[in-house]
Amino acid sequence: MAFLKIDREARQGYSLIAPPFLYSVLVLAAPLITILIYSFFFYKTGYSSLEPGFTLQNYQELWADPIFRAIMQRSLWVSGLVTVVTVALAFPVAYYVSFVVAPERKALWLFLITIPFWTSYLIRVFLWKVIMEQNGVINSVLVGTGIVENPVTMLRSVGAIVMTLAHAYAPFAILPIFVALEKIDRSLLEAGRDLGESRLMTFWRVTLPLAMPGVIAAVLIVFIPTVGDYVTPELIGGGRIPMVANFIQTQMLGLDNRPLGSAMSVSAMLAVAVVSAIFLILNRKFLKVRQ
Amino acid sequence: MKGGGLLRSYAVLYLLFLYAPIILLPLFAFNSGTIIAFPLRGFTTDWFAQMWGNATLRRALFNSLTIAVSASVLATCLGIFAARASTRFNFPGKGGMMGFIMLPMVLPEIIVAMSLLVVLLGAGIKLSILTVIVGHTLMCMPYAIAVLSTAFSSLDKSLEEAAYDLGETKWSAFRLITLPLVMPGIVSSLLISFTISLDEFIIAFFLAGNEPTLPTYIFSQLRFPKQIPMIMALGTVLVALSIVLLAMGEYFRRRGNARMGSSASGGLL
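None of these values were measured; they are calculated from a predicted model.

Quick look at the UniProt feature "transmembrane region" (unreviewed entry) in chain B
Residues and elements named next belong to chain B. UniProt's feature table lists "transmembrane region" (unreviewed entry) at residues 12-40, 60-83, 95-123, 129-155, 176-208 and 228-252, given in the numbering used throughout. Between the end C-alpha atoms of residues 60-83 the distance is 33 Å, and the span holds 100% helix and 0% strand. End-to-end, the C-alpha atoms of residues 176-208 are 40 Å apart, and along that stretch the chain is 91% helix and 0% strand.

Things to note about the environment of Thr137(B)
Mapped onto the elements of the fold, Thr137(B) is located in helix α6 (residues 129-153). The class of Thr137(B) is buried, set by a relative accessible area of 1%. Considering only alpha carbons, one finds Thr137(B) and Phe100(B), 37 residues apart in sequence, at a separation of 15 Å. Among all residues touching Thr137(B), those that are not within four sequence positions of it are Tyr23(A), Ala71(B), Leu74(B), Ala75(B) and Leu78(B).

Some remarks on the UniProt feature "transmembrane region" (unreviewed entry) in chain A
Residue and element names in this part refer to chain A. Using the residue numbers shown here, the UniProt feature "transmembrane region" (unreviewed entry) corresponds to residues 21-43, 76-96, 108-127, 158-181, 202-224 and 260-282. Its end C-alpha atoms 32 Å apart, residues 158-181 is made of 96% helix and 0% strand. Within the segment residues 260-282, helix and strand shares are 100% and 0% respectively, and the terminal C-alpha atoms sit 33 Å apart.

Examining the UniProt feature "domain: ABC transmembrane type-1" (unreviewed entry) in chain A
In this numbering, the UniProt entry assigns the feature "domain: ABC transmembrane type-1" (unreviewed entry) to residues 72-281 of chain A. Secondary structure across residues 72-281 of chain A comprises 77% helix and 0% strand; the distance between its end C-alpha atoms is 22 Å.

Quick notes on unusual backbone geometry
Residue and element names in this part refer to chain A. Residue Arg156 is not a glycine yet carries a positive backbone phi of 55°. Its place among the elements puts Arg156 in the loop between α6 (137-144) and α7 (158-168). Among the residues examined, Arg156 registers a relative accessible area of 45% and is labelled partly exposed.

With respect to the packing of aromatic side chains
Here the structure, examined in full by the defined rule, presents 27 aromatic pairs over all chains. Ring centres of Tyr10(B) and Tyr14(B) lie 6.1 Å apart, and the angle between their planes is 40°; this geometry places the pair in the tilted category. Taken together, the residues Tyr10(B) and Tyr14(B), both in helix α1 (residues 4-29) and four residues apart, mark about one turn of the helix. According to the relative accessible area criterion, Tyr10(B) is partly exposed, its value standing at 25%. Look at Phe30(B) and Phe43(B): their rings are 5.3 Å apart centre to centre, the planes differ by 10°, and that puts the pair in the stacked class. Of this pair, Phe30(B) sits in the loop between α1 and α2 (46-52) while Phe43(B) sits in the loop between α1 and α2, and the two are 13 residues apart along the sequence. Accessibility expressed as a relative area gives 28% for Phe30(B), which makes it partly exposed. You can call Phe43(B) exposed: its relative accessible area is 66%. Three or more aromatic residues joined by ring pairs form one cluster here, namely Tyr230(A), Phe201(B), Phe205(B), Phe206(B) and Phe219(B).

What counts and how
- Residues numbered from 1 in each chain as written.
- Chains lettered and ligands numbered in written order.
- Predicted model: local features only at pLDDT ≥ 70, side-chain atom pairs only at ≥ 80, totals over all residues.
- Heavy atoms only, no water.
- UniProt positions renumbered as here; feature names shortened; annotations may be inferred.
- Helix = DSSP H or I, 4+ residues; strand = E, 2+ residues; numbered from the N terminus.
- Buried < 20%, exposed > 50% of the residue type's maximum accessible area, 1.4 Å probe, protein only.
- Contact = heavy atoms within 4.5 Å.
- Phe/Tyr/Trp six-rings, centres within 6.5 Å; stacked < 30°, edge-to-face > 60°.

Encoded structure:
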């Protein structure tokens, strides 16, 4: 009887989850499988002719191309930098909201932190361009107050891209860290201090390890989407510092080379997955050592 | 608390950093100078008038609204199924299936956009706002589910059981008991999905064909310095609109929490 009951519950669960799951299969899984097939089974030979049959040519061509390698490397490097900056800037804010702000005001703080995130991404990025331009906001303040004589060039640099993306992904870093900090049992911290640890040591030995799951979530949730960011390299980098998304866009919309574009996407996903996996493994080791 | 003062000033500075671009937006939107730089010239509402008279912009707005309304309704409907399944039933493979549905939240958008484009072109489907709706529904669904799951998980199971005991059918119990209780969650899921879709650029850029949407129109205009003040005016309107929608969403979410007797905590994510 119990078996039948579980079975019935599972059946109800399956029939409920079926519509959204099938939608994802159709609109997400099928396209992902298609680009996998495109990248391995087609090769663009002419203007509009694709040669079918299993081939590794797309990948060989791609990874032999120094431009692609440089762009892939840069994408991972820039995203890594963005991740470090974003999480480092966000952690104290999450800590402040979780440990210092009065409980009834926490929701307000979180609301204030999330509002900018919901306003037009394009316009936010463009405004960073306005802020950092030659005759932009920062330079007019610097020149106007006589701190510098000539405007400082800030745009078209990795630093400017990192800054803009650190702004764009701020809530993604703050929220998971905040959630992890909220879960920490406050009596553990008191215990740490009662046992003679200093405030700093308690933070290092108790708070930080317990907050680690949130930090890991923040790192992944910032790192993975920023690798594929298109708008910021285009607007802030001025097209001079292309990242992998800009490259894919040129192949797909510009040159219409679907097999090569597919191979690029698959390679990018693979690279992101490998870096994330390495990060997770290193992190597990680090935590074990600390214990 | 010692150190609290320092942390507090840092947090306030950080908020200032978060709001810096948004504070600048209305300054330039009402500035009569044609160049986006300091010092500001004078006050004008010309850019708003210019925006209002722009036919392409109106078309882009109409397209974006059509897409955002359709995608948010579709994503919320699909989200209701997933949220109910994940909060109420246990079945083998649930974690994997839910994880897969939530995947677009972390997948780079360019990958989703480009793989969908390959499939649509391969199947010979003409690119239009319909294809954008398909893509946006996929992107909005995880956010809808996140919001709806909170609403469904705080639902008291015994209320439904009481309805069954009093002779209601499964569907009428859902309609009369469950739906009104999760209604605030549904409204807030609709608003959040609407905001995400209205702002989404990459998928619209790849899948809209020749049809402009607001973000793709804005992107195309950013190249022309002459158009920038008008875009600033448009941005101001959009930001004001998002803030109103979000405040409404937050209001409904809290009211939902209050109705079910739990405390209001957590953010929109």
